[in-house]
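A look at the structure
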Amino acid sequence: MSTLITGARPYGEDAADILVEDGRIAAIGASLSVPGADVVDAAGLVALPGLVDLHTHLREPGREDAETVETGSRAAALGGYTAVHAMANTDPVADTAGVVEQVWRLGQEAGLVDVVPVGAVTVGLRGERLAELGAMADSAARVRVFSDDGHCVADPALMRRALEYVKALDGVVAQHAEEPRLTVGAQMHEGDRSARLGLTGWPAAAEEAIIARDVLLADHVGARLHVCHVSTAGSVEILRWAKSRGVQVTAEVTPHHLLLTDECAEGYDPVFKVNPPLRTDADVEALRAGLAEGVIDAVATDHAPHAVEDKETEWAHARPGMLGLEQALSVVVATMLETGRLDWRGVADRMSTRPAAIGRLDGRGLEAHGRPLAPGEPANLLLLDPGARAVVDPAALASRSRNSPYAGRELPGRVVATFLRGVPTVLDGKAQK
Ligand SMILES: [Zn+2]
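Residues numbered from 1 in each chain as written. Predicted model: local features only at pLDDT ≥ 70, side-chain atom pairs only at ≥ 80, totals over all residues. Heavy atoms only, no water.

Here is the rule we go by: UniProt positions are given in the numbering used here, feature names are shortened, and annotations may be inferred rather than shown by experiment.
An unreviewed UniProt entry lists the protein under the name Dihydroorotase, with Geodermatophilus siccatus given as the organism. In its Sequence similarities (unreviewed entry) section, UniProt records this for the protein: "Belongs to the metallo-dependent hydrolases superfamily. DHOase family. Class I DHOase subfamily." Taken from UniProt, the Function (unreviewed entry) comment for the protein reads in full: "Catalyzes the reversible cyclization of carbamoyl aspartate to dihydroorotate."

What follows is the structure, given as structure tokens:
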């Protein structure tokens, strides 16, 4: 089975044809011609490697009313993703080989992206004792990323032991950095605005204190640490310091923290309630600069679908979290590319290459992700119309939930097609199953 993608611009550069055969890129060049191949006209479209998300909540098992592996996979494919890491805070929690294998298998059955399960660090996300990290790593799901996301591994001795274990597994602890004693009842970023709005504040120091502690622990143990959804300027400074000392730390930023600020809380619309909270203009500036510089390695969505009854209620009672998969690339185009902070190769690096490397998905087999657009590599790629602009309509999203913070906002860049190992999962902007 052959597909010839004609006239695409790999990494936004000169137009070329891309020939896909048997799941791999067979050739990239001018005026390729292959009798019998399916032809996809990609004139004017930018070709990028398939995106890799380090941080997706698919809600299955347990909250299939909010999202399923299948609906979340479809949203991911429509956003240009070919692999997503599924967070462990499901019901039951993904803290055993059995649950991570179940999620992995559901992903294979949906067949729209590779669903890579994240294993919980502690049993039941309770922060008391370590989960079966080795059994999850050895399972069919081959877990390499471990996280209690939604909760911080707050106990420093337990965090140290987790780092020691994952080091032996070539894994990484992805920390949700939030000192719980500093965020009791927190509703939004702590500052002048939270005081004026009468909402309990979530201080930047609660995130920064944990990151500072954990980079010291990771350095001491010699293990890999990944920091989820970095949201403050101070966090970027700590990460820069740690990287300059050679600590094996990586970090991600979400699309919403690159675009939105705590000003969104003014209307008390809970669609803007998220953890960590939206911060200030100065934080957004530092996050964009940190991502451009590479201090922040990756964009990760923290796609967090919520059912209507959990979200459309008063602010204090609403669950934190927002959708992200279908608009992530557009937000990065708006905040990083159109502002001149990253070029297309930079976008590919932060949304595909580096997240795949952090998750250890970047091997040499056909199952690999985050590989360059080059002959011999797996044909995981997306085609984007960079000139298209559209207003986000939550009713049109593939996610089962509707809590998009971008509703009504015009964003640039439309994913026209996505290919997973040469098979189109999206064509003409429509999911193929
Ligand atoms: Zn989190």
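Focus: the overall build of the protein
Stated precisely, the cut-off is as follows: Helical segments are the DSSP runs of H or I of at least four residues, strand segments are the runs of E of at least two, and each set is numbered from the N terminus. Radius of gyration: over C-alpha atoms. The globule rule applied is 2.2 Å multiplied by the number of residues raised to the 0.38 power. The rule is simple: take the accessible area with a 1.4 Å probe, protein chains only, and divide by the maximum for that residue type; under 20% is buried, over 50% is exposed, in between is partly exposed. Should any heavy atoms of two residues lie within 4.5 Å, those residues are considered in contact. For the area figures, the Shrake-Rupley method with a 1.4 Å probe applies, and any residue is considered shielded solely by the protein chains shown. Charge counting treats Lys and Arg as positive and Asp and Glu as negative, with His and both chain ends excluded. In plain terms, the charge of a residue is placed at NZ if it is Lys, CZ if Arg, CG if Asp and CD if Glu.
When its secondary structure is counted, the protein shows twelve helices and 19 strands. By the compact-globule yardstick of 22 Å for 433 residues, the protein fits well, its C-alpha radius of gyration being 20 Å. Viewed in the frame of its principal axes, the protein has a C-alpha envelope of about 65 × 45 × 45 Å. Split into buried and exposed, the 433 residues of the protein put 62% on the buried side. Expressed as a percentage of contacts within the protein between residues at least 6 apart in sequence, the contacts between residues at least 24 apart total 73%. Of the accessible surface of the protein, which amounts to about 15800 Å², a share of 48% is contributed by carbon and sulfur atoms. Averaged over its 41 positive side-chain charges, the protein has a centre that lies 3 Å from the centre of its 61 negative ones.

Overview of the UniProt feature "domain: Dihydroorotase catalytic" (unreviewed entry) in the protein
Those residues carrying the UniProt feature "domain: Dihydroorotase catalytic" (unreviewed entry) are residues 46-233 in this numbering. Secondary structure within residues 46-233 divides into 36% helix and 18% strand; the distance between the first and last C-alpha atoms comes to 32 Å.

With respect to the UniProt feature "active site" (unreviewed entry) in the protein
Within this structure's numbering, the places UniProt gives as "active site" (unreviewed entry) are D302. Position of D302 relative to the elements: it lies in the loop between β15 (298-299) and α10 (308-311). Those residues in contact with D302 that sit more than four places away from it in its chain are H55, H57, D149, H229, T254, H256, N275 and M322.

Digging into the sheet that holds strand β7 (residues 81-86)
Where strands meet in a sheet, backbone hydrogen bonds hold them as pairs that are either parallel or antiparallel. The test is simple: Strand pairing is assigned whenever DSSP detects at least two bridges linking the two strands. What counts as an axis is a line fitted to C-alpha atoms, over the stretch in contact for a helix, and the angles between N-to-C directions run from 0 to 180 degrees.
The parallel open sheet is built from three strands, whose spatial order is β6-β7-β8. The sheet terminates laterally at β6 (51-56) and β8 (114-117), the two strands that pair on one side only. Going from strand to strand, the sheet's axes swing by 20° on average, the running direction of each strand aside. Here four bridges tie β6 to β7, and the two strands are oriented parallel to one another. Within the sheet, the bridge partner assigned to D53 lies in β7 and is V84.

Structural notes on the environment of A357
With respect to the element layout, A357 can be found in helix α12 (residues 344-358). Counting along the chain gives 35 residues from A357 to M322, while the straight-line C-alpha distance between them is 26 Å. Setting aside chain neighbours within four positions, we find A357 in contact with R224 and D362.

Quick word on the pattern of salt bridges
For clarity, the threshold we go by: What makes a salt bridge here is a side-chain nitrogen of Lys or Arg within 4 Å of a carboxyl oxygen of Asp or Glu, nothing more.
In the structure shown here, the tally under the stated rule is 26 salt bridges. Two residues, D65 and R63, come together in a salt bridge whose shortest N-O distance is 2.9 Å. By relative accessible area, which is 29% here, R63 ends up partly exposed. Two residues, R341 and E285, come together in a salt bridge whose shortest N-O distance is 2.8 Å. Residue R341 is located in the loop between α11 (328-337) and α12, and its partner E285 is located in helix α9 (residues 281-293); the two are separated by 56 residues in the primary sequence. What makes E285 partly exposed here is its relative accessible area of 40%. If you follow the salt bridges from partner to partner, you end up with R63, D65, E309, D310 and R319 in one network.

Concerning the packing of aromatic side chains
Aromatic ring pairs are defined here through the distance separating the ring centres and the angle between the ring planes. Worth spelling out the cut-off: When two rings of Phe, Tyr or Trp (its six-membered ring) have centres within 6.5 Å they constitute a pair, described as stacked for plane angles under 30 degrees, edge-to-face for angles over 60, and tilted for the intermediate range. Here, a charge over a ring means that NZ of Lys or CZ of Arg falls within 6 Å of the ring centre while also lying within 35 degrees of the ring normal.
Per the stated rule, a full pass over the model turns up zero aromatic pairs. The ring of Y11 has R345 lying over it, and the distance from NZ or CZ to the ring centre is 4.1 Å.

Thoughts on the sheet that holds strand β10 (residues 172-175)
If you trace the five strands from one edge of the open sheet to the other, you get β9-β10-β13-β14-β15, paired in parallel fashion. Of all the strands in the sheet, the pair left with one neighbour each is β9 (145-146) and β15. By the bridge criterion, two bridges tie strand β14 (residues 249-253) to β15 in an arrangement that is parallel. Of the residues in β15, the one forming a bridge with V253 is V299. Against the sheet, helix α4 (residues 156-168) engages β9, β10 and β13 (225-227), with an angle of about 145° to β10. With respect to the sheet, helix α6 (residues 204-221) is in contact with β10, β13 and β14, its orientation differing from that of β13 by roughly 165°.

Section: the packing of helix α7 (residues 233-244) against α9
Rules: Here is the rule for angles: anything less than 35 degrees is roughly parallel, anything more than 145 is roughly antiparallel, 65 through 115 is roughly perpendicular, and the remaining ranges are oblique.
Packing of α7 against α9 leaves a shortest axis separation of 8 Å and a crossing angle of 30°. In terms of their interaxial angle, α7 and α9 are classed as roughly parallel. Where α7 abuts α9, its residues A233, V236 and R240 lie against A282, D283, A286, L287, G290 and E293.

Re the domain arrangement of the protein
Defined as follows: What marks off one domain from the next here is an automatic or database domain assignment. Two parts lose some accessible area (1.4 Å probe) when they are put together, and adding that loss for both gives the buried area. Within 3.5 Å is the distance limit for a polar contact, defined as a pair of N or O atoms, with the added protein rule that one can donate a hydrogen and the other accept it, and that residues adjacent in sequence qualify only through two side-chain atoms.
For the protein, the domain assignment lists domain 1 (2-46 + 376-388 + 410-431) and domain 2 (50-358). Overall, the association of domain 1 and domain 2 removes approximately 1800 Å² of surface from exposure, summing both partners, and the carbon and sulfur fraction of that is 69%. It is Y11, L411 and P412 in domain 1 that bury the most area against domain 2; as a group they hold 29% of the surface buried on that side. At the junction of domain 1 with domain 2, the criterion picks out two salt bridges. Along the contact surface separating domain 1 from domain 2 lie six residue pairs in polar contact (both at pLDDT 80 or more). Listed by contribution, the elements that provide at least two residues to the side of domain 1 that touches domain 2 are β16 (381-391), β17 (410-420), β18 (423-427) and β19 (430-431).

Section: unusual backbone geometry
Across the junction of E60 and P61, the peptide omega takes the value 5°, indicating a cis bond. Here D91 and P92 are connected by a cis peptide whose omega angle stands at 5°. The topology assignment puts P92 in the loop between β7 and α2 (97-110). For L125, which is not glycine, the phi torsion reads 60° and is therefore positive.

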